[in-house]
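Topology and contacts: notes
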Amino acid sequence: MSETTQKAWTAFTERAGTRAALLGTQELPTRRVEAWHYTSLQPLNGVAWRTPERLSSARLTALLKPLALPEADGCVVFGNGYEDTDYTKLPASVMREKLDGHVPSEDAALKGRFSAQLNGALRQDGLHLRVPAGVDGGLVVLASVCDGQDVSVHLHHSIVLEEGASLTLLDVQGGEGRYLANPLFDVRCAKGAHFRHVKRQAESKEAFHLGIVSAHSEEHGNYNSFTLNQGGALARHEVVSTLQGPHANSTVNAVQLVDGARLNDLTSLIHHAAPDCTSRQTVRSVLSDAAQGVFQGKILVDQIAQKTDGYQMNQALLLSEKAQINSKPELEIYADDVKCSHGATVGALDEEQLFYLRSRGIPEEQARILLINAFLREAVEMLDDEGLQTYLLRSFPGHE
Amino acid sequence: MPAVSETRETVEKLANSGYEWGFETDVEMDIAPKGLNEDIVRLISARKEEPEWMLQWRLKAFRSWEKMEEPRWSKVNYPDIDYQDAHYFAQPKKKPGPKSLDEVDPELLRTYEKLGIPLHEQELLAGVEGADEARAPVAVDAVFDSVSVATTFREKLAEAGVIFCPISEAIREHPELVQRYLGTVVPQNDNFFTALNSAVFTDGSFVYVPKGVRCPMELSTYFRINARNTGQFERTLIIAEDRATVSYLEGCTAPQRDENQLHAAVVELVAMEDASIKYSTVQNWYPGDDEGKGGIYNFVTKRGICKGDRARISWTQVETGSAITWKYPSCILAGKGSVGEFYSVAVTNRHQQADTGTKMIHLAPDTRSTIIAKTISAGKSDSTYRGLVRMQPKARNGRNFTQCDSLLIGDQCGAHTVPYIESRNMTARVEHEATTSKISEDQLFYCRSRGFSEEEAVGLIVNGFCREVLKELPMEFAVEAQKLLQISLEGSVG
């Protein structure tokens, strides 16, 4: 760890135990800050955050069990932010890099983003992979679990795909009790590289999750992500996907499945910084009980990014009187020869569809589940990998 | 006329029509010293011969304004405004009561003429009898630099029981109505500009339509900003009682000048049970020169409340002028089954900036709202649609449909869409769609092959693009608006 990071870390540990210890050095954004208007971070303030200790292997096994990780070509597991090398297995073609003492270069795309600043201040070494040119790294599972007691974990991961390389990462987050998980992914897709990032955010229902991804795609490069946001008392998954070479493309899809009095947030910026790029986004939220859903999706098209093709759709289903959705799909466009559109809908389950199913003898509860699943599946099925689809669908209603 | 000379005339007209209505009328003015303090507020109130409660109301607003900060969240850039470097009161010197129109300053009449207002009201102003019977009736309350100079058709309106007068007069003549409603839709301290307006507003229109009355004519106001360095702080209050109906038109043109001018108007609408208010605006203030110098700052707060059940408020606007437009005509849908509508065309060219949209706040069951916003950016301009649709927990079966379309002309401009959608009721249904594109080459080619010039073709396509909004405008406005669109986009192609 570098001296500057060390200093920040020292400041944090020294203050641990007092109120707002972790964030005392950082101002928590208030609702007046546009990016946090709908998601208040104030609940983070009342907790005496502390440095976690390594988990016993028995505890780690117990925490991993409910995540039911699938078989894969590679696997890396972190417990409370510490890697347990007993699980580590990587395909021979994929290179593992250690970042010892290396401070990642400044990423302009993350400037001013609180989740990234926090990770930058308290950074812990995560998984750093490099896939050599032309190599298909297959499927790697990255699991990160935490064990309550007010620990805070700030893993910093990086994925570098060289020219024409490809990789699928199943990124699973979970745990028990109250903790703060603040992972950051730095993704670089070189010319023609394909990275598929499938994230399942299944944190404990008392946890806080502030995850952030910055992906840069070169010419014909592709960052394709799907996020299932379902855990956490307060969870934001944030994606900044920068298309910086011509014909790059990016997909930032997500499903949010929230119940209780919890809040899940998907915030994204798809930045078209080069001509002829394509972006697609489909986000579906299902909110029950007194849950809150937040979607903030922005498509930014630079003046140079002519022939941009951008499409964004976000839909929310409110299942109870107290559930709410706040959604802000945003277009910021400086090039004239573009085709950009977005759509948003909010509503309840369609009474007519329910009636149809019931008239066919399907009990109401089952009919509802059928309709909710149909709504969610459409987004999941855009993932062209059946194994991963099956894995994700298992956590949908009626599959438990 | 021979074809050649006609062509020459057309060309000359085109060359000079950067801002067709840029002229300044030389009318004697009564101007307060520069600066803003309690004394100026007192002076304005005294000049307006206002009752004490009104002065106190202004002072309260002024005191909260002093503590407020200018909002900077919108997507517009402008140099800091020195609020102390402006006159807050300017009034054309009036001979007492121009009862006979001969007494009206001929300069003033000429101004109306130059405005090209499609008005036979000019004839009325000029004292031509019987002109009011011949054509579709439109009542005009002309605001000439902060003071309503003439109001026509008053008698006919009075017969129906409709009050249509300058707000300063209403404060004196109908204090009970003004006191009851002023500041109830847009509180004094709602934002920086409403506080400023509440403290120093000089005039505006007041409309009161009693129960069951369908206002017998379209009401209209023409705004002009005329004296150098006078901010224009209009205040408009429209009240439609149960089952009343009124349509109000507001058209704006302003003379060409160098210094930026601030315009911070407040418009409040109150619609009671089964009432309907339609508010239409054509705004064509001076947008600044080709370098973006000069031009009006248009920071406006417009809001209406549907207080009664089944009330309806409809905003239609065509915004082509101003250097900066910052304006969000909104509807608070508090009555069951009430309806809010917002139809907007915003055109920006050269260095203009517009950040405009609406807020639809659904408070009651069965409320409905529709938003159609068309944005056209050309030159080096920036245009933003910013809108909020909020379904509160009680808005059972609330409905909203929003459509925002942006058209970009040229690669130096920007078009942005920032909708906020908040729903707290599962039975409410919100739909939003937005598109951004450029003028289709196919359409252009088609028009060109039919002999249209490129500029004409663009004008035609743009008018088609805006059709859904333009058709909401009252007839005479629709014609004017189409012409405006064409003029606004001149020099943006080729």
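Residues numbered from 1 in each chain as written. Chains lettered and ligands numbered in written order. Predicted model: local features only at pLDDT ≥ 70, side-chain atom pairs only at ≥ 80, totals over all residues. Heavy atoms only, no water.

Observations regarding the packing of aromatic side chains
Residues and elements named next belong to chain B. We apply this condition: A pair of Phe, Tyr and Trp rings is counted when the ring centres sit within 6.5 Å of each other, with Trp represented by its six-membered ring. The angle between the planes then sorts it: under 30 degrees is stacked, over 60 is edge-to-face, the rest tilted. A run of H or I in DSSP counts as a helix once it spans at least four residues, and a run of E counts as a strand once it spans at least two, with each numbered from the N terminus. Three exposure classes are used, based on accessible area relative to the maximum for each residue type with a 1.4 Å probe and protein chains only: buried under 20%, partly exposed in between, and exposed over 50%.
Under the defined criterion, the tally for this structure stands at 21 aromatic pairs over all chains. Between Phe-193 and Trp-326, the ring centres sit 5.4 Å apart and the planes meet at 65 degrees, which makes this aromatic pair edge-to-face. Here Phe-193, found in helix α10 (residues 192–200), pairs with Trp-326, found in strand β15 (residues 324–327); they are 133 residues apart in sequence, far enough to count as distant. For Trp-326, a relative accessible area of 5% puts it in the buried group. Joined through ring pairs, the aromatic side chains of Phe-62, Trp-65, Trp-73, Tyr-78, Tyr-83, Phe-192, Phe-193, Tyr-297, Phe-299, Trp-326 and Tyr-328 make up one cluster.

Describing the pattern of salt bridges
Rules: A pairing counts as a salt bridge when a side-chain nitrogen of Lys or Arg comes within 4 Å of a carboxyl oxygen of Asp or Glu.
Counted under the stated rule, the structure contains 48 salt bridges over all chains. The partner of A:Glu364 in a salt bridge is A:Arg368, with the nearest N and O atoms 3.5 Å apart. Taken as a pair, A:Glu364 and A:Arg368 lie in helix α5 (residues 364–380) at a separation of four residues, close to a single helical turn. Given a relative accessible area of 34%, A:Glu364 falls into the partly exposed group. Among the salt bridges present, the one from B:Arg310 reaches B:Glu273, with a minimum N-O distance of 3.7 Å. Taken together, the residues span a long stretch of sequence, with B:Arg310 in the loop between β13 (296–306) and β14 (312–319) and B:Glu273 in the loop between β11 (266–271) and β12 (276–284) at a distance of 37 residues.

Observations concerning the interface of chain A and chain B
Operational definition: Here, two residues are considered to be in contact whenever any of their heavy atoms come within 4.5 Å of each other. Once two parts are brought into contact, the accessible area they lose, counted with a 1.4 Å probe and summed over both, makes up the buried area.
Between chain A and chain B, the residue contacts involve 34 residues of the former and 32 residues of the latter. Note on chain A versus chain B: buried area summed over both sides is about 2,800 Å², and carbon and sulfur give 46% of it. Summed over the three residues of chain A that lose the most area to chain B, namely A:Glu321, A:Asp336 and A:Val346, the buried surface amounts to 20% of that side. Where chain A touches chain B, the interface holds three salt bridges. A:Asp337 is the partner of B:Lys438 in a salt bridge, and the nearest nitrogen-oxygen pair spans 4.0 Å.

Describing the confidence of the model for chain A
To be explicit about the condition: Confidence scores here are pLDDT values: one per residue, from the predictor, ranging 0 to 100.
Of the residues in chain A, 91% reach a pLDDT of 70 or more, and the chain-wide mean stands at 89. Scored below 50 in pLDDT, residues 16–25 of chain A shows 23 contacts in the model against residues more than four places distant or in partner chains.

Here we look at the pairing of strand β7 (residues 155–161) of chain A
All names here are of chain A. Going by this rule: Pairing between strands is defined by DSSP: at least two bridges between them are needed.
Most of β7 sits inside the fold, with seven of its seven residues counted as buried. The two faces of β7 match: Leu-155, His-157, Ile-159 and Leu-161 on one face and His-156, Ser-158 and Val-160 on the other face are all buried. Sheet topology places strand β4 (residues 124–131) next to β7; six bridges connect them, and they run parallel. Following the sheet pairing, Val-131 is matched in β7 by Leu-161. Alignment of β7 against strand β10 (residues 184–189), held across six bridges, turns out to be parallel. Paired with Ser-158 across the strands is Asp-186, a residue of β10.

Some points on the state of the cysteines
Short version of the rule: Here, a disulfide means two cysteine sulfur atoms that sit within 2.5 Å of each other.
Taken as a whole and judged by the stated rule, the model has zero disulfides over all chains. A:Cys340 provides the cysteine sulfur closest to A:Cys277, a residue in no disulfide bond, and the two sulfurs are 11 Å apart. In this structure B:Cys404 is not part of a disulfide, and its nearest cysteine sulfur, from B:Cys466, lies 13 Å away. Judged by relative accessible area, B:Cys404 falls into the buried class, the value being 2%.

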